[in-house]
Amino acid sequence: MRCQAMTAFGQPLEDLERETPQPGPGEALVKITRAGLCHSDLHIHEGYFSLGGEAKQPVAVQFPCVLGHEIEGEVVSLGAGVSGPAPGTRVAVFPWIGCGQCAACKRGDQHLCGPNRVLGVARWGGLADHVLVPDAEALIPIGDMAPGVGALAMCSGLTAFSALKKIGKPRAEEPIVLVGMGGVGLAGLALAKALFPNPIVAVDIDAAKREAAVKRGAAEAIDPAGADAVKDFVKRTGGAVAAVDFVGAGDTYAFASGSIRRGGTVVVVGLFGGLANIPLITLPLRAMTIAGSFVGSLDEARELVALLKTGKVATPLMEERPLSAANSAFEDLRAGKVVGRVVLKP
Ligand SMILES: [Zn+2]
Ligand SMILES: [Zn+2]
């Protein structure tokens, strides 16, 4: 197999050739057809996630490491004890694979497992032509979905889907605010349009991203840079029932929490690593809920793929590039030059 491997933090990926692995009991081998690039890949490549200010959460990986957790492909072969999906089936690969033994895994929250087997971090991931999947349960058949859609469903799609599910079922006339129109935010917009009849309000500092959001069905797109942007929004609309912060910076959280009405909910999903100073009295006085959401469960991933198969969700914006161009794709993503998602093709 060929892969674009990380051999040290912060260094360009290297083109490596290795023997293609054979699946053991319970495992599956998948030939990769598309792999999405995610901001988390950038953080892992840098070697840490920011915890705000100077504080850092280091990433533990073994080198060489193959990044990429948005994976779509075709089943090549199945290990002993695995009955399907049959070789040749097109699948999305749920990458948030747990240990299978702990309490989180047993209650169906593999994505919250500590000693996990996450593809693209703990195990080799999608920036390759093949991936060995340690638990064949992670294979989700995608039928004839357009190329790349299944891959993007596994992180940007799933992250947005799980965050939106935490909003519940608000009254239809109340706006829902989505802050940050990067890959996950745009996926969130498309899913929100399919899940809620409510007006969906997009927020981004970048004019091109606001334009993309309006084209893709946002009721309006707000530039949060203006001093009174959030106040004006609340004055005009009475405030949102919920806001999802797809960035996780101090400023984006401030906009999200400022935009909701009393009794509203803020869901934080972005891993930017900002800090927020929250006067605790605002929680009871505004009766507000702050929730965190991290990727999503295997059940949610299956539910999302079923929703995507109905054709009710707009296809995410994506730009296809060859796997061999992974390094320049990383640079463009880091520089904020990507609208939507870069999808690499082996
Ligand atoms: Zn991701
Ligand atoms: Zn576990």
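All figures in this text were calculated on a predicted structure; none of them were measured in a lab.

What follows covers the packing of aromatic side chains. Each pair of aromatic rings is reported with the distance of its centres and the angle of its planes. Considering all chains together, one arrives at 2 aromatic pairs under this definition. On the numbers, 6.1 Å between centres and 65 degrees between planes, the contact of tryptophan 96 with phenylalanine 294 is edge-to-face. Of this pair, tryptophan 96 sits in the loop between strand 7 (90–93) and helix 2 (103–106) while phenylalanine 294 sits in the loop between strand 15 (289–292) and helix 9 (298–309), placing them 198 residues apart in sequence. The buried category is assigned to tryptophan 96, whose relative accessible area is 7%. Over the ring of tyrosine 48 we find lysine 56; its NZ or CZ atom is 4.3 Å from the centre of that ring.

Time to look at the pattern of salt bridges. One pass over the structure, following the stated rule, counts 17 salt bridges. Across the salt bridge formed by lysine 165 and glutamate 303, the nearest N and O atoms sit 2.8 Å from each other. Here glutamate 303 lies in helix 9 and lysine 165 lies in helix 3 (residues 149–165), a separation of 138 residues in the sequence. Lysine 165 sits in the partly exposed class, given a relative accessible area of 37%. Taking the shortest distance from any N to any O, the salt bridge between arginine 321 and aspartate 332 comes out at 3.0 Å. Here arginine 321, found in strand 16 (residues 318–322), pairs with aspartate 332, found in helix 10 (residues 326–334); they are 11 residues apart in sequence, far enough to count as distant.

Another aspect to go through is the domain arrangement of the protein chain. Assigned domains of the protein chain: these are domain 1 (2–155 + 296–345) and domain 2 (167–292). With centres defined by C-alpha atoms, the gap from domain 1 to domain 2 works out at 28 Å. The interface is formed by 21 residues belonging to domain 1 together with 15 residues belonging to domain 2. Each partner contributes to the roughly 1,300 Å² buried at the junction of domain 1 and domain 2, and carbon and sulfur atoms together form 68% of this total.

In this structure, Cys99 (SG), Cys102 (SG), Cys105 (SG) and Cys113 (SG) serve as the protein donors to the zinc ion (ligand 2), at separations of 2.3 to 2.4 Å. Coordination at the zinc ion (ligand 2) is tetrahedral, judged from the 4 donor atoms that bind it and the angles of 103 to 117 degrees they form at the metal. Linear spacing of the donor residues for the zinc ion (ligand 2) on their chain is C-x2-C-x2-C-x7-C.

Bound to the zinc ion (ligand 1) on the protein side are Cys38 (SG), His69 (NE2) and Cys155 (SG), at distances that span 2.0 to 2.2 Å. Expressed as a motif, the donor residue spacing for the zinc ion (ligand 1) is C-x30-H-x85-C. Pair noted here: cysteine 38 is in the loop between strand 3 (28–36) and helix 1 (39–46) and histidine 69 is in the loop between strand 5 (56–58) and strand 6 (70–78), with a separation of 31 residues, a long-range link. Owing to a relative accessible area of 4%, cysteine 38 belongs among the buried residues under this scheme.

A few words on helix 1. With 6 of its 8 residues buried, helix 1 lies for the most part within the structure. Among the residues of helix 1, Ser40, Asp41, Leu42, His43, Ile44 and His45 are the ones counted as buried. In the core, the buried residues of helix 1 are packed alongside strand 3, strand 4 (48–50) and helix 10. One or two positions beyond helix 1, positive phi appears at glycine 47, with a value near 100 degrees.

Moving on, we come to the packing of helix 3 against helix 9. Each pair of packed helices can be summarised by the angle the axes make with each other and by the distance between the axes. Where helix 3 meets helix 9, the axes come as close as 9 Å, and the angle between the chain directions of the two elements is 110 degrees. Classified by the angle between their axes, helix 3 and helix 9 sit roughly perpendicular to one another. Each of Val149, Ala153, Met154, Gly157, Leu158, Phe161, Ser162 and Lys165 in helix 3 lies in contact with helix 9, whose residues at this interface are Glu300, Ala301, Glu303, Leu304, Val305, Leu307 and Leu308. By residue class, the composition of the contact of helix 3 with helix 9 is 10 nonpolar, 2 polar and 3 charged.

Reading the values: the criteria
- Residues numbered from 1 in each chain as written.
- Chains lettered and ligands numbered in written order.
- Predicted model: local features only at pLDDT ≥ 70, side-chain atom pairs only at ≥ 80, totals over all residues.
- Heavy atoms only, no water.
- Phe/Tyr/Trp six-rings, centres within 6.5 Å; stacked < 30°, edge-to-face > 60°.
- Helix = DSSP H or I, 4+ residues; strand = E, 2+ residues; numbered from the N terminus.
- Buried < 20%, exposed > 50% of the residue type's maximum accessible area, 1.4 Å probe, protein only.
- Lys NZ or Arg CZ within 6 Å of the ring centre and 35° of its normal.
- Salt bridge = Lys/Arg side-chain N within 4 Å of Asp/Glu carboxyl O.
- Domains from an automatic or database assignment.
- Contact = heavy atoms within 4.5 Å.
- Buried area = accessible area lost by both parts, 1.4 Å probe.
- Donors = N, O, S within 2.8 Å, 3.2 Å for Na, K, Ca; no water.
- Tetrahedral: all angles 85-135°; square planar, octahedral: opposite > 155°, others 65-115°.
- Axes fitted to C-alpha atoms, helices over the stretch in contact; angles between N-to-C directions.
- Parallel < 35°, antiparallel > 145°, perpendicular 65-115°, else oblique.
- Nonpolar A, V, L, I, M, F, W, Y, C, P; charged D, E, K, R; others polar.

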